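Summary of the model geometry
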Amino acid sequence: MEAVLAHLRQLIERGDYPVGAKLPSEASLSREFEVSRSVIREALRGLQALGMTESKTGKGTFVTAAGPADNPTFGPYSARDLIEVRRHVEIPVAGYAALRRDQDDLDLLGHLVERMDAETDNTAWVALDSLFHITIAQASGNPAFGKVIEEIRDALARQSAFLNQLGDRRRQSNVEHREIVAAIESGEESAAVAAMTAHLTHVEATLTSIVNGAGR
C-alpha cells in the first residue's frame, strides 16, 4: 500500500495527473500494480486524507491538489482538530487517571498493551488503540471525558491507521503506550501528563513528516 500510494503521489506531484484529472479505476490500478483492490482502496484513502484527491460516488477519484494539504483530514475532523482536542483532553485525562484509577483499570490497560504488542493485523491493532485511549478516559473517573473520546473515535482510528501505514508508528506507539500505563500505575499525575504529552508530540511529528514527504 505504501509503495502504491507513494507512486500515485509522485505522479500527481509531477503533473502526470493534474488537478481535475480522474485517476484510473480501482480495477485498472489493481492490474497495473499487481495488487488486490483492497490495497488500491487503502492507497486512495491515503491520498484523500492527504487532501490530494476527492472520491465522488459513482464517478471515481479526482485530483484536487498537486501536493498534500498542510492539514490532512480523517472523516469529519482534520489532523489539527484532533491534535488540539487531544492536547486539551487526553493530557489532563491521563493525569486524572493516575490519581483515580483502580485495579480493574490497570488490569485492562495492561491487557490491552500486551495484546497490541502481540497483534500483527493493522486493523485489529487500530481497534485496540482506540480502546486503549477510551479506557484511560474512563479511568479518569469523569464520564464526560469518555464521551469526548467516543465522539472522535472513528477519526482517531483513521488517523492511527494512516500513521501506521505511512509513518511506521506501531512499534513506537507500543513503547509509548507502555510508558503511559506505567505512569498511570505509579499514581503520579505529573508523570502521566508527561507520558501522554510525549505520545501526542510524536504523533504530531509523524504527521508533519508524512505531509512533508519524508522518506520518499
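Residues numbered from 1 in each chain as written. Predicted model: local features only at pLDDT ≥ 70, side-chain atom pairs only at ≥ 80, totals over all residues. Heavy atoms only, no water.

Some remarks on the nonpolar core
For soluble globular proteins, the rule of thumb is that nonpolar side chains tend to be buried together. Within the largest apolar cluster, 60 residues are counted, with the highest numbers of intra-cluster contacts made by Leu47, Phe74, Phe132, Ile136 and Ile184. Considering every element that reaches this core, the biggest residue donor is helix 4 (residues 79–100), with nine residues. Contact partners of Ile184, with chain neighbours within four places excluded, come to Ala94, Ala97, Ala98, Arg101, Leu106, Leu109, Ile136 and Ala192. (Core = buried A, V, L, I, M, F, W, Y, C linked by side-chain atoms within 4.5 Å. Buried < 20%, exposed > 50% of the residue type's maximum accessible area, 1.4 Å probe, protein only. Helix = DSSP H or I, 4+ residues; strand = E, 2+ residues; numbered from the N terminus. Contact = heavy atoms within 4.5 Å.)

Quick word on the pairing of strand 1 (residues 53–56)
Where strand 1 meets strand 2 (residues 60–63), four bridges bridge the pair, whose relative direction is antiparallel. In the strand pairing of strand 2, Lys56 is matched with Gly60. Where strand 1 hands over to strand 2, the hairpin turn is made up of three residues, of which Gly58 adopts a positive phi near 80°. (Pairing = 2+ DSSP bridges.)

With respect to helix 10 (residues 189–211)
Residue pairs three or four apart in sequence face the same way in an α-helix, which turns once every 3.6 residues. For helix 10, built from 23 residues, the straight-helix expectation of 33 Å at 1.5 Å per residue is met to within 8% by its first-to-last C-alpha distance of 33 Å. Where helix 10 is concerned, the buried positions are Ala192, Ala195, Met196, His199, Leu200, Val203, Thr206, Leu207, Ile210 and Val211. Here the buried face of helix 10 lies against helix 1 (2–13), strand 3 (73–74), helix 4, helix 6 (122–139), helix 8 (153–167) and helix 9 (170–186). (Expected span 1.5 Å × (residues − 1).)

Observations regarding the packing of aromatic side chains
Counted according to the given criterion, the structure contains two aromatic pairs. Both rings, one in Phe74 and one in Phe162, keep their centres 5.2 Å apart while their planes meet at 65°; by these two values the pair is edge-to-face. Placement of the pair is Phe74 in strand 3 and Phe162 in helix 8, with a sequence separation of 88 residues. The same class applies to Phe74 and to Phe162, which are both buried. Taking 5.9 Å as the distance between ring centres and 25° as the angle between the ring planes, the aromatic pair formed by Tyr96 and Phe145 counts as stacked. Here the residue Tyr96 occupies a position in helix 4, and Phe145 occupies one in helix 7 (residues 143–151), the gap between them amounting to 49 residues. (Phe/Tyr/Trp six-rings, centres within 6.5 Å; stacked < 30°, edge-to-face > 60°.)

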